[in-house]
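# Structural features, examined
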Amino acid sequence: MDQAMLETPTDLGPDAVQAVSDAINGLVADAFALYVKTKNFHWHVSGPHFRDYHLLLDEHAAQIFASTDPLAERVRKIGGKTLRSIGHIARLQRVQDNDAEFVSAADMLRELLADNKAMAAAMRQAHDVCDEQNDVATASLLEELIDETERRTWFLFEASRTADESGH
């Protein structure tokens, strides 16, 4: 297949396309890694708050997975190439896998909290790249996704807190 067939017309220059594509492909890889980790914890959570955590993590996983297509499609819309395989994801992901046999619910929440905070920071860095390259559409998408990621971080923070003597 002729590579030119995948070159979507854009007013962004080749350097801009490459810079934005690299930044966003890293986020797509991280989103897939965070999705799998969140589902892993959803499947393996246990303890007195099982139902609440099980449902919370399922909601978070669905939201994370839903972010992958708009991000990857932004890369294609500007004429870039996006992820092609699990191996490609593994080469780019910054979110670390957790293959432990057992993880306590509290440790799950703390780990996902840290991962979501890191994801928001990576999105802000990608936003900076978009600003530098004058790609306002990708920057706008990232703004929405940063807000969603911060909401997940907030929920994980609140769910991971221990109650004080008043029950709060």
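These notes cover the structure that comes with them. (Residues numbered from 1 in each chain as written. Predicted model: local features only at pLDDT ≥ 70, side-chain atom pairs only at ≥ 80, totals over all residues. Heavy atoms only, no water.)

For the structure shown, the criterion picks out 1 cavity of 30 Å³ or more. There is about 40 Å³ of room inside the largest cavity. Lining the largest cavity, in full, are Gln63, Ile64, Ser67, Met119, Met123, Leu145, Glu148, Thr149 and Arg152. Per element, the largest residue contribution to the lining of the largest cavity is 4 residues, and it comes from helix H5 (residues 136-160). Among the residues forming the lining of the largest cavity, the class breakdown is 4 nonpolar, 3 polar and 2 charged. (1 Å grid on protein atoms, 1.4 Å probe; cavity = no way out; pocket = protein on both sides within 12 Å on 5 of 7 lines; lining within 4 Å. Points joined across faces, edges and corners; volume = space filled by probe spheres on them. Helix = DSSP H or I, 4+ residues; strand = E, 2+ residues; numbered from the N terminus. Nonpolar A, V, L, I, M, F, W, Y, C, P; charged D, E, K, R; others polar.)

Once that is clear, we can look at a negative patch on the surface. On the surface, a cluster of negative charge is made up of Asp128, Asp131, Glu132, Glu143, Glu144 and Asp147. Looking at the negative patch, the elements with two or more residues in it are helix H4 (105-132) and H5. On the secondary structure map, glutamate 132 appears in helix H4. On the basis of relative accessible area, glutamate 132 is assigned to the exposed category, the value being 62%. (Patch = residues over 30% accessible without salt bridge, like charges linked within 9 Å, V, L, I, M, F, W, Y side chains within 5 Å. Areas by Shrake-Rupley, 256 points an atom, 1.4 Å probe, with all protein chains shown as cover. Salt bridge = Lys/Arg side-chain N within 4 Å of Asp/Glu carboxyl O. Lys, Arg positive; Asp, Glu negative; His and termini not counted. Charge placed at Lys NZ, Arg CZ, Asp CG, Glu CD. Buried < 20%, exposed > 50% of the residue type's maximum accessible area, 1.4 Å probe, protein only.)

We now examine unusual backbone geometry. The backbone of asparagine 134 shows a phi angle near 60°, a positive value even though the residue is not glycine. Inspection of the secondary structure assignment puts asparagine 134 in the loop between H4 and H5.

Let's shift gears to the environment of isoleucine 78. Relative to the helices and strands, isoleucine 78 is located in the loop between helix H2 (50-77) and helix H3 (86-92). For isoleucine 78, a relative accessible area of 4% translates into the label buried. Taking C-alpha positions, isoleucine 78 is 22 Å from phenylalanine 65, a pair spaced 13 residues apart along the chain. Apart from residues lying up to four places away in sequence, isoleucine 78 is in contact with Thr8, Thr10, Leu12, Val17, Val20, Ser21 and Asp135. (Contact = heavy atoms within 4.5 Å.)

Another aspect to go through is the environment of alanine 90. Among the structural elements, alanine 90 can be located in helix H3. Along the sequence, alanine 90 and alanine 33 sit 57 residues apart, while their C-alpha atoms lie 8.1 Å from each other.

Moving on, we come to the pattern of salt bridges. Think of it this way: side chains of opposite charge can pair up when their charged atoms draw near. A full pass over the atoms with the stated rule returns 9 salt bridges. One salt bridge in this structure joins glutamate 59 and arginine 151, with 3.5 Å as the shortest N-O distance. Taken together, the residues span a long stretch of sequence, with glutamate 59 in helix H2 and arginine 151 in helix H5 at a distance of 92 residues. When the shortest N-O distance is used, the salt bridge between aspartate 107 and arginine 110 registers 2.6 Å. In this pair, aspartate 107 and arginine 110 are both assigned in helix H4, 3 residues apart and thus about one turn of the helix distant. Judged by its relative accessible area of 43%, arginine 110 falls in the partly exposed class.

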